[in-house]
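# Working through the structure, step by step
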Amino acid sequence: MTGLPYEEDSQLSLRQLVTKSMASADVVVSDSELREKATSHFNMLLEQRQRKGNEEDEKDAMKLMKQLFGATARAMESDEDKNRLWLLRDYMSCLIGTSLGAESFLPEHIVEEKEEEEEEEEEEENTPCMSWADVASKKSEEAETAGQRDAWRRSYAASLAAERREHAQVRQMSKIYYHQQEEEPEDWGCFEPEFLPEIPSDTFCMPMFFPSEDSYHKFITALKSAEETLYVCIFSMTDNTTAKALAQAKRRGVDVRIITDNEQRDAKGSDVIRLNEEEGIPFKMDNATLVKDQFMHNKFAVIDRRMVLTGSFNWSISARYRNHENVIITNVEPVVEAYHQEFERLWDLF
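A brief structural summary. (Residues numbered from 1 in each chain as written. Predicted model: local features only at pLDDT ≥ 70, side-chain atom pairs only at ≥ 80, totals over all residues. Heavy atoms only, no water.)

## Looking at the sheet that holds strand 1 (residues 205-210)
Note the threshold: Here the rule is simple: two strands pair whenever DSSP picks up at least two bridges between them. Under the DSSP-based scheme used, a helix requires at least four consecutive residues in state H or I and a strand at least two consecutive residues in state E, with every element numbered from the N terminus. Here an angle of 0 to 180 degrees is reported between the N-to-C directions of two axes, which are lines fitted to C-alpha atoms, with helices fitted over the stretch in contact. Any two residues having at least one pair of non-hydrogen atoms within 4.5 Å are treated as being in contact.
Taken together, the 7 strands give an open sheet; going across it, the order is 1-7-6-5-2-3-4, and neighbouring strands pair in mixed fashion. Sheet topology places strand 1 and strand 4 (283-285) at the edges, where each strand pairs with a single neighbour. Strand-to-strand twist in this sheet, taken as the mean axis angle between neighbours without regard to direction, amounts to 10 degrees. The pairing of strand 2 (residues 229-234) with strand 3 (residues 255-260) spans 6 bridges and is classified as parallel. Considered in strand 3, the bridge of Leu230 is made with Val256. The strands that helix 8 (residues 213-224) touches are strand 1, strand 2, strand 5 (299-303), strand 6 (307-311) and strand 7 (325-330); relative to strand 1, the one it contacts most, it runs at about 125 degrees. This element, helix 13 (residues 333-349), spans strand 2, strand 3, strand 4, strand 5, strand 6 and strand 7 of the sheet and lies at about 70 degrees to strand 3.

Shown next as structure tokens:
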């Protein structure tokens, strides 16, 4: 590292880093980049220290602070400056001990302490060491993780915004159509179920509820099972993991199609346009000009014309982690066929 008395790949312990950097303090402080590197190196070494418990950790921190002040004193030439430094250390001990409740920092009485170089050197063998190259690599990994975390936050915020817009539109529609809600339930007659024929033994019907990662695991693995066709009819899609499953299916040669709501397609964080541009997945959307304020509010997927996923669950971050939602996965043949026909009808309509 230019300007410092050690190379970027030099493995240093905390004590070695403090001693060497204090010896070149003028150079470090005068260069903002070097100063940032030195403090990052120091902080990363602090994070690598083994935690022993509150009291022991306080004692270790107190000992480290003494080492810091000791290394600084050795780099000073004036006895007067050294005395000021020792007084500052005592004040800092009182400040930390009193303000943070760290009793190990509170001195029972002020005494001049002798350096214990031999003991420190023995302990040096058991302390973690890192080079600046190690620190730079770890910081790069943390930056990548932070970027992924920020992307997740943006996706989550986008899904919340989409839900708020939906709720606002529903409230507006309720005002418009309120006067039409004058029917009596009795006018609609009795419920007449359509009974299924004999059900094969390999038939399944799986109700799932959210938020639940176990439910999401079943949901995403069902999508991943697609071999020939994956027809998706979804109001909102902002969950990147779910979108990735569709992209991977397309790359496997699966015929993937998406029908979505025209407003949600352009919502911040929506994956529909990206999947079309990057993966070539075709999509269609409803046309609100045909029926004013109409949503394409379905939330289902038909897989290989053998299985259907349906329920209240939007394919969004908030639906996955926050909302109370439901999904049913089933291969009941008449149900699957009904959803397949509805998808084809909407695909032709839009």
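## Some remarks on the pattern of salt bridges
A side chain with one charge may pair with a side chain of the opposite charge, provided their charged atoms come close. Here is the rule: Whenever Lys or Arg places a side-chain nitrogen within 4 Å of a carboxyl oxygen from Asp or Glu, that contact is recorded as a salt bridge. Using a 1.4 Å probe on the protein chains alone, a residue whose accessible area is under 20% of its type maximum counts as buried, one over 50% counts as exposed, and one in between counts as partly exposed.
For the structure shown, the criterion picks out 13 salt bridges. Asp214 is the salt-bridge partner of Lys218, the closest N and O atoms lying 2.8 Å from each other. Placement of the pair is Lys218 and Asp214 together in helix 8, with a separation of 4 residues, close to one helical turn. Look at Lys218 and you get partly exposed, because its relative accessible area is 29%. For the salt bridge of Glu337 with Arg305, the shortest nitrogen-to-oxygen distance reads 2.7 Å. Of this pair, Glu337 sits in helix 13 while Arg305 sits in the loop between strand 5 and strand 6, and the two are 32 residues apart along the sequence. Given the relative accessible area of 28%, Glu337 is considered partly exposed. When salt bridges with common partners are traced through the structure, they connect Glu80, Asp81 and Arg84 into a single cluster.

## Observations concerning the packing of aromatic side chains
The following threshold applies: Two aromatic rings from Phe, Tyr or Trp, using only the six-membered ring of Trp, form a pair when their centres are within 6.5 Å; if the ring planes differ by under 30 degrees the pair is stacked, by over 60 it is edge-to-face, and anything between is tilted. In our convention, an over-ring charge means Lys NZ or Arg CZ found within 6 Å of a ring centre and within 35 degrees of that ring's normal.
The tally for this structure, following the rule as stated, stands at 8 aromatic pairs. Plain terms: the ring middles of Phe219 and Phe313 are 5.1 Å apart, the flat faces sit at 70 degrees to each other, and that makes the pair edge-to-face. A residue pair is termed long-range when its members are at least 10 positions apart, and Phe219 in helix 8 and Phe313 in the loop between strand 6 and helix 12 (317-321) qualify at 94 residues. Owing to a relative accessible area of 1%, Phe219 belongs among the buried residues under this scheme. Owing to a relative accessible area of 2%, Phe313 belongs among the buried residues under this scheme. On the numbers, 5.4 Å between centres and 80 degrees between planes, the contact of Phe219 with Trp315 is edge-to-face. A residue pair is termed long-range when its members are at least 10 positions apart, and Phe219 in helix 8 and Trp315 in the loop between strand 6 and helix 12 qualify at 96 residues. Taking relative accessible area as the criterion, Trp315 reaches 3% and is therefore assigned buried. Taken together, Phe210, Tyr216, Phe219, Phe313 and Trp315 form an aromatic cluster joined through their ring pairs. Of note, Arg257 hangs over the ring of Trp347, and the distance from its end group to the ring centre comes to 5.3 Å.

## Re the side chain of His340
Looking at the element boundaries, His340 is found in helix 13. Here His340 is in contact with Tyr231, Val302 and Arg305, once residues within four sequence places are set aside.

## Comments concerning the pairing of strand 2
Heads up, the condition is: Handedness of a crossover: with both strands directed away from the viewer, a clockwise path from the first strand across the helix to the second marks it as right-handed.
Most of strand 2 sits inside the fold, with 6 of its 6 residues counted as buried. Traced from strand 2 through helix 9 (residues 240-251) to strand 3, the parallel crossover comes out right-handed. Alignment of strand 2 against strand 5, held across 5 bridges, turns out to be antiparallel. Residue pairing across strands places Ile234 opposite Lys299, the latter belonging to strand 5.

All we've got here are geometric facts, nothing functional implied.
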